[in-house]
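Residue-level listing of the chains:
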Amino acid sequence: MADLLFQRCINPACGGTADCADTAFRCPRCGGLLDVAYDWNRLPVPSSLKHFESKWANRSNPLDFSGVWRFRELLPFAPDDKIVTIGEGQTLCQRADAVAAYCGMSPGRLFLQYEGMNPSGSFKDNGMSAAFTHARMTGATRAACASTGNTSASLAAYCAATQLMRGIIFIGSGKISYGKLSQALEHGALTVQIQGDFDDALRRVQEVSRQLGIYLVNSVNPFRLEGQKTIMFRVLEALRWDVPDWVVVPGGNLGNVSAFAKAFFELRELGLIARLPRLAVINAEGAHTAYQLHERLGLRWNGGAFDAAGVSGYYGELDATNRKPDTLASAIEINRPVNLPKALRALDCCNGVVRAVPDAEILDAKAKVGAGGLGCEPASGASVAGLKRLVAEGVIDKDATAVCILTGHVLKDSDETVAYHSADPATFEAKLGKRGVKAVSFANRAVQVPNDLDAIVAAIQSQR
Ligand code: F0G
C-alpha cells in the first residue's frame, strides 16, 4: 500500500484495506472493524512529546487551541483547512487525594481526567471533531448516530456550531436522560426515538445510513477514535509526559479503551514513550458483556483469531433469555459493544482487566468525586468504583499511579443525583430504589426548615 494514510482491517490475518475516503467503516474483505493506519515513516512526527508544548504559545490559532488538534501530527489524516473544531479538549487532569483515599490509594497517586469540560459536556467531542472533519473531507451533508445521549448531544452541537451538516440521532425510547435529550433538541438535531434500547438503535442507524448514504459518527467509525486518542495525549501532558501505571475507563461501546490503546501503542512505535500503561475497563453489573466475555469466559484477542463463535453464542443466549441491559449508568447501558474486537486487542496490548460494579457502588463513587469538586455522571463514576475494587483485590497497588476517566458532566443526569441526595423516600424510591439501589452512603440531604428566621438560624448553626 503506497498511501500515507488508509483504513486497515484490525484482523492481521485478513489484511483488508479501504481508502481513507471510504465511509462504509467495515472491512471490504471480511466485514470486520477498521483502523485508521498511517505510514509513519513518511509523515513528519515530532521527536519528543515536549514538542507539543510549543503549541501553547500559539493558542490564537484554533487548531493549536483545540485539545484534539494541537496533537494533529499524531492523527494526521486531515489537511488543516478541513479541520473542524469548536474548542474541544480544554480539559483538566486533577490530582484527587480525597478520592484516592476512598479508593484505598496513597496521596498523589490518583488523577481524574475530567472530560465533562468539553463544549457538549462529555468526552464525545474529542471524537466528534475528528469524525466531523472526516465527514467534511468526504463531502457529507448529513451525519447520524445512535446514542445513549452523549454522542447525540455532541453531534447536535457540532452541527449547530458549524452549520456544516444536518444531524440525525437515533435514541431508544425512555433510555436517555433529560439533560442529554435537551441538548439534542436545543441544538436542532432531527431526533428519531425508536422503540427499543441502544443496541436496537445502533443496528438501525447502521442500516439507515447505508441505505440513505448518511455519514455515520458512532464509534464503529475509526476516525472518531483518532480524536479520542488525544484524551491520552492530554493525560500524558498533565503528568509531564510520564506514563501512568493504570488508566481506568468506563466501558460501554468500548470505543475509548480501543482508542486509548491505539494512542499508546502508536506512541511506543514512534519512540515517544518507553512503556505502555495497563488498562482497566469498568462495566456496570447490569450491562457487563465485556466483563463476562473477558473475565468469566476467558475470551482473548488471540492475534485476531478470537473466538467469534463464542461471542455469537453469548449474544444468542442474551436473546434467547430476553436479557436487556439494565443500569442507572444509562450512558453505558449497552449489551452488544460494537468495538468488542478492538477492545480485546487493547486489553491484550495493555495487559488489561475488566470489572463490573453494581449501581450502588457507581453512585457512591460518583458522590465522592462530586464531594472532591468535579461533578460527573453515573457512567463516569464507574471508573472510580472499579478502581476501588481493583485496589481492594490487590490488582492495582496503592502506590501505583492511576488515572480515572470522568467521561461526562454531572449535569447530564441531574435526576439521579437529586434522587441520591434526596431526603424524600418517595423520590429516592422512584428513581433509585425501583432500580435495585437499596441504600447510599454519601447523601447530602437538604435540611427542611419552616419559613422562620430563628428556625433557619438554628438549623444552620446545628450543622457546624
Ligand atoms: N461514559 C459516558 C458518559 C458515555 O456517554 C459513554 C458512551 C461511555 C462512558 C462509554 O464509552 O462507548 O467508549 O465505552 N456513550 C455512548 C453514547 C454510547 O451514545 O453517548 P465507550
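Preceding this section is the structure that the text describes.
To start, this report covers the structure provided alongside it. (Residues numbered from 1 in each chain as written. Predicted model: local features only at pLDDT ≥ 70, side-chain atom pairs only at ≥ 80, totals over all residues. Heavy atoms only, no water.)

**With respect to the pattern of salt bridges**
1) Next: Scanning the entire structure with this criterion turns up 25 salt bridges.
2) Next: Taking the shortest distance from any N to any O, the salt bridge between Glu266 and Lys262 comes out at 2.6 Å. Here Glu266 pairs with Lys262, and both are found in helix α8 (residues 255-269), just four residues apart, close to one helical turn. With respect to class, Glu266 is no different from Lys262; both count as buried.
3) Next: Across the salt bridge formed by Asp326 and Arg435, the nearest N and O atoms sit 2.8 Å from each other. Here Arg435 lies in the loop between α15 (425-431) and α16 (453-462) and Asp326 lies in the loop between α10 (308-320) and α11 (340-349), a separation of 109 residues in the sequence.
4) Next: Judged by its relative accessible area of 44%, Asp326 is partly exposed.
5) Next: Connected through salt bridges with shared partners, the residues Glu226, Lys229, Lys262 and Glu266 form a single ionic network. (Salt bridge = Lys/Arg side-chain N within 4 Å of Asp/Glu carboxyl O. Helix = DSSP H or I, 4+ residues; strand = E, 2+ residues; numbered from the N terminus. Buried < 20%, exposed > 50% of the residue type's maximum accessible area, 1.4 Å probe, protein only.)

**Topic: the sheet that holds strand β2 (residues 17-18)**
1) Next: Across the sheet, three strands lie side by side as β2-β1-β3; this open sheet has antiparallel pairing. The open sheet has two free edges, formed respectively by β2 and β3 (34-38), since each of these has just one partner strand.
2) Next: Taken together, the two bridges between strand β1 (residues 5-9) and β2 define a ladder with antiparallel strand orientation. Bridged to Arg8 within β2 is Thr17. (Pairing = 2+ DSSP bridges.)

**Quick look at the site of the ligand**
1) Next: Contacts to the ligand come from 21 residues, most closely from Ser147, Asn150, Gly252, Asn253 and Thr407.
2) Next: Thr148 places a main-chain nitrogen or oxygen 2.8 Å from an oxygen atom of the ligand.
3) Next: Between the ligand and Thr151 there is a distance of 2.8 Å, counted from an oxygen atom to a backbone nitrogen or oxygen.
4) Next: Contact with the protein chains covers 99% of the free accessible surface of the ligand, which is 480 Å².
5) Next: Among the residues making up the shell around the ligand, the classes are represented as seven nonpolar, twelve polar and two charged. (Near = heavy atom within 4 Å. Polar contact = N/O pair within 3.5 Å; in protein donor to acceptor, adjacent residues only side chain to side chain. Areas by Shrake-Rupley, 256 points an atom, 1.4 Å probe, with all protein chains shown as cover. Nonpolar A, V, L, I, M, F, W, Y, C, P; charged D, E, K, R; others polar.)

**Focus: the packing of helix α7 (residues 222-238) against α8**
1) Next: Between α7 and α8, whose axes approach to 8 Å, the crossing angle comes to 65°. For the pair α7 and α8, the sense of crossing is right-handed. Residues Leu225, Glu226, Gln228, Lys229, Ile231, Met232, Phe233 and Leu236 of α7 touch α8, and the partners they reach there are Gly255, Asn256, Ser258, Ala259, Phe260, Lys262, Ala263, Phe264, Glu266 and Leu267.
2) Next: Class assignment for the residues of the contact of α7 with α8 results in ten nonpolar, four polar and four charged. (Axes fitted to C-alpha atoms, helices over the stretch in contact; angles between N-to-C directions. Left-handed = near helix turned anticlockwise from the far one by under 90°. Contact = heavy atoms within 4.5 Å.)

**Things to note about helix α14 (residues 414-421)**
At 3.6 residues per turn, the α-helix brings residues three or four places apart onto the same side.
1) Next: When we look at burial in α14, the residues that qualify are Glu416, Thr417, Ala419 and Tyr420. Viewed end-on, α14 has its buried residues packed into an arc of 165°, placing them on one side of the element.
2) Next: Of the surrounding secondary structure, the elements contacted by the buried residues of α14 are α12 (359-371), α13 (378-392) and α15. (Arc of directions from axis to C-beta.)

**Details of the environment of Leu190**
1) Next: Relative to the helices and strands, Leu190 is located in strand β8 (residues 190-194).
2) Next: Sequence separation between Leu190 and Ile169 is 21 residues, and the spatial gap between their C-alpha atoms is 6.2 Å.
3) Next: The contact partners of Leu190, leaving out residues within four places of it in the chain, are Arg166, Gly167, Ile168 and Ile169.

**Some remarks on the packing of aromatic side chains**
1) Next: A full pass over the atoms with the stated rule returns eleven aromatic pairs.
2) Next: Ring centres of Phe25 and Tyr215 lie 5.6 Å apart, and the angle between their planes is 85°; this geometry places the pair in the edge-to-face category. Here Phe25, found in the loop between β2 and β3, pairs with Tyr215, found in strand β9 (residues 215-216); they are 190 residues apart in sequence, far enough to count as distant.
3) Next: Given the relative accessible area of 1%, Phe25 is considered buried.
4) Next: The rings of Phe25, Trp69, Phe77, Tyr215 and Phe223 are connected pair by pair, giving a single aromatic cluster.
5) Next: The positively charged end of Lys368 is found above the aromatic ring belonging to Phe442, 4.5 Å away from the centroid.
6) Next: Directly above the aromatic system of Tyr102 lies the positively charged group of Lys388, at a separation of 4.7 Å from the ring centroid. (Phe/Tyr/Trp six-rings, centres within 6.5 Å; stacked < 30°, edge-to-face > 60°. Lys NZ or Arg CZ within 6 Å of the ring centre and 35° of its normal.)

**A closer look at unusual backbone geometry**
1) Next: At Phe25, a residue that is not glycine, the phi angle is positive and equals roughly 55°.
2) Next: Unlike most non-glycine residues, Gln163 shows phi in positive territory, near 55°.
3) Next: For Gln163, a relative accessible area of 65% puts it in the exposed group.

**Re the side chain of Asp125**
1) Next: As for its position among the elements, Asp125 is in helix α3 (residues 124-137).
2) Next: For Asp125, which is buried and forms no salt bridge, the nearest opposite charge comes from Lys412, at a distance of 7.1 Å.
3) Next: At 2.7 Å, the side chain of Asp125 forms a polar contact with the backbone nitrogen of Ser120.
4) Next: Discounting residues that sit within four places of it in the chain, Asp125 has contacts with Glu88, Asn118, Pro119, Ser120, Ser154 and Tyr158. (Lys, Arg positive; Asp, Glu negative; His and termini not counted.)

**Topic: the sheet that holds strand β11 (residues 278-284)**
1) Next: Across the sheet, which stays open at both edges, the six strands sit in the order β4-β5-β13-β10-β11-β12 with mixed pairing between neighbours. Edge positions in the open sheet fall to β4 (92-95) and β12 (353-357), since each of these has one partner strand only. Between one strand axis and the next, the sheet turns through 25° on average, direction left out of account.
2) Next: Lying over the sheet, α7 contacts β4, β5 (110-114), β10 (246-250) and β13 (402-406), oriented at roughly 135° with respect to β5.
3) Next: Where α8 meets the sheet, it contacts β10, β11 and β13, and its direction lies at approximately 155° from that of β10.

Any link to function would need more than the numbers given here.
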